[in-house]
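Residues per chain, in single letters:
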Amino acid sequence: MIKISVIDADKARDAIERALQEFMTGEFVTVGIHEDAGQHESDDITNAQLGAIHEFGADIEHPGGTSYGFASKAAQDRNEVRFLKAGKGTVELGVTGPYTITIPARPWLNPGVQLGNAEYLSIIQKAVEKGKSLDTALNQVGLVAVGNVQKYMTELRTPPNAASTIKKKKSSNPLIDSGALRQSVTYKITPSKPTEGL
């Protein structure tokens, strides 16, 4: 709360209006994976694009042409059929035709940000009470929001990965493989309302 000694009602009202105007300058905190986060380390896709695929889900139309069969004699004995890299494996059983890969939606940004709604308001309220600048309050909100989103990404478990994905990644966390996507979550303070993003 703003603490004011009331000597004159007009002076008090003016002081409150000045304090509120400072916090209504039209600056915004954006949290997420911004376009300048660059390429994802393992794909020909940006981190922002990968984040959107996880947030909303996607259907990928695969053209086919991938070999499948037994990777080894032991795999053949277990009747364990897998996709094969070109020239690899002991027995090729065939080649896939065109098919659709469905990646389910795993919302992580909005739920992660929403974890801190009460805390963000508290940060702004304390900044007003202590006479701190808007920039200081927005930076603190941004840091806390990034931490909340990264925590949510780390704890997310549904929908689960396919068993084959868990085996390949050696992890059951749907959003984390190397950690590069989570590390690309940042915040920015912008002078105008964003026109893109979630």
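Residues numbered from 1 in each chain as written. Predicted model: local features only at pLDDT ≥ 70, side-chain atom pairs only at ≥ 80, totals over all residues. Heavy atoms only, no water.

Caption draft 1: Local environment of the layout of surface pockets. Each pocket or cavity is described by its volume, and for the largest pocket that value is around 1,500 Å³. Together, 40 residues line the largest pocket, and I101, S164, T165, K168 and K169 are the ones closest to its centre. Sorting the residues of the lining of the largest pocket by element identifies α2 (47–56), β2 (58–62), β4 (81–83), β6 (99–103), α7 (163–169) and α8 (180–183) as the ones contributing at least two each. With five residues, the top contributor of residues to the lining of the largest pocket is α7. (1 Å grid on protein atoms, 1.4 Å probe; cavity = no way out; pocket = protein on both sides within 12 Å on 5 of 7 lines; lining within 4 Å. Points joined across faces, edges and corners; volume = space filled by probe spheres on them. Helix = DSSP H or I, 4+ residues; strand = E, 2+ residues; numbered from the N terminus.)

Caption draft 2: Fine view of the nonpolar core. One finds V31, I33, W108, V149, M153, L175 and V185 to be the most contacted residues of the largest nonpolar core, which totals 20 residues. It is helix α6 (residues 134–155) that provides the largest number of residues to this core, a total of six residues. Setting aside residues no more than four positions away along its own chain, V149 makes contact with V31, W108, L109, G112, V113 and V185. (Core = buried A, V, L, I, M, F, W, Y, C linked by side-chain atoms within 4.5 Å. Buried < 20%, exposed > 50% of the residue type's maximum accessible area, 1.4 Å probe, protein only. Contact = heavy atoms within 4.5 Å.)

Caption draft 3: Focus on the side chain of T96. Here T96 shows up in the loop between β5 (91–95) and β6. You can call T96 buried: its relative accessible area is 16%. Aside from chain neighbours lying at most four places away, what touches T96 is G64, G65, T66, Y68 and F83.

Caption draft 4: The side chain of H34, seen in detail. With respect to the secondary-structure elements, H34 resides in the loop between β1 (28–32) and α2. What makes H34 buried here is its relative accessible area of 15%. Side-chain polar atoms of H34 contact the side chain of T30, separated by 2.9 Å. (Polar contact = N/O pair within 3.5 Å; in protein donor to acceptor, adjacent residues only side chain to side chain.)

Caption draft 5: Region of the structure containing the pattern of salt bridges. For the structure on display, the rule yields five salt bridges. A salt bridge links D77 to K73; its shortest N-O distance comes to 2.9 Å. With D77 and K73 both in helix α3 (residues 73–77) and four residues apart, this pair spans about one turn of that helix. The same class applies to D77 and to K73, which are both exposed. Through salt bridges with shared partners, a single ionic network connects R78, E80 and K167. (Salt bridge = Lys/Arg side-chain N within 4 Å of Asp/Glu carboxyl O.)

Caption draft 6: How the structure looks around a positive patch on the surface. Positive charge collects at one region of the surface, where R82, K85, K88 and K168 lie side by side. Residue K168 is classed as exposed on the basis of its relative accessible area of 72%. (Patch = residues over 30% accessible without salt bridge, like charges linked within 9 Å, V, L, I, M, F, W, Y side chains within 5 Å. Areas by Shrake-Rupley, 256 points an atom, 1.4 Å probe, with all protein chains shown as cover. Lys, Arg positive; Asp, Glu negative; His and termini not counted. Charge placed at Lys NZ, Arg CZ, Asp CG, Glu CD.)

Caption draft 7: Summary view of the environment of F56. When you line up the elements, F56 lands in helix α2. Residue F56 is classed as exposed on the basis of its relative accessible area, which comes to 54%.

Caption draft 8: Here's a closer look at the sheet that holds β4. Strand order in the open sheet formed by three strands is β4-β3-β5, and the pairing between neighbours is antiparallel. Either end of the sheet is taken by a strand with one partner, and the two such strands are β4 and β5. With direction set aside, neighbouring strand axes in the sheet form an average angle of 35 degrees. Of the strand pairs in this sheet, strand β3 (residues 67–70) and β4 are connected by three bridges, and their pairing is antiparallel. Paired with G69 across the strands is R82, a residue of β4. (Pairing = 2+ DSSP bridges. Axes fitted to C-alpha atoms, helices over the stretch in contact; angles between N-to-C directions.)

Caption draft 9: Layout of the environment of E35. With respect to the helices, strands and loops of the structure, E35 is situated in the loop between β1 and α2. Between the alpha carbons of E35 and T46 there is a distance of 7.6 Å; along the sequence they are 11 residues apart. Other than its neighbours up to four places away in sequence, E35 contacts T46 and A48.

Caption draft 10: Highlighting the packing of helix α5 (residues 117–130) against α6. One way to put it is that α5 packs onto α6 with a least axis distance of 9 Å and a crossing angle of 160 degrees. In terms of orientation, α5 lies roughly antiparallel with respect to α6. The hand of the α5/α6 crossing is right-handed. Listed contacts from α6 to E119, Y120, I123, I124 and A127 of α5 are A137, Q140, V141, V144, A145 and N148. Its residues placed into classes, the contact of α5 with α6 shows eight nonpolar, two polar and one charged. (Parallel < 35°, antiparallel > 145°, perpendicular 65-115°, else oblique. Left-handed = near helix turned anticlockwise from the far one by under 90°. Nonpolar A, V, L, I, M, F, W, Y, C, P; charged D, E, K, R; others polar.)

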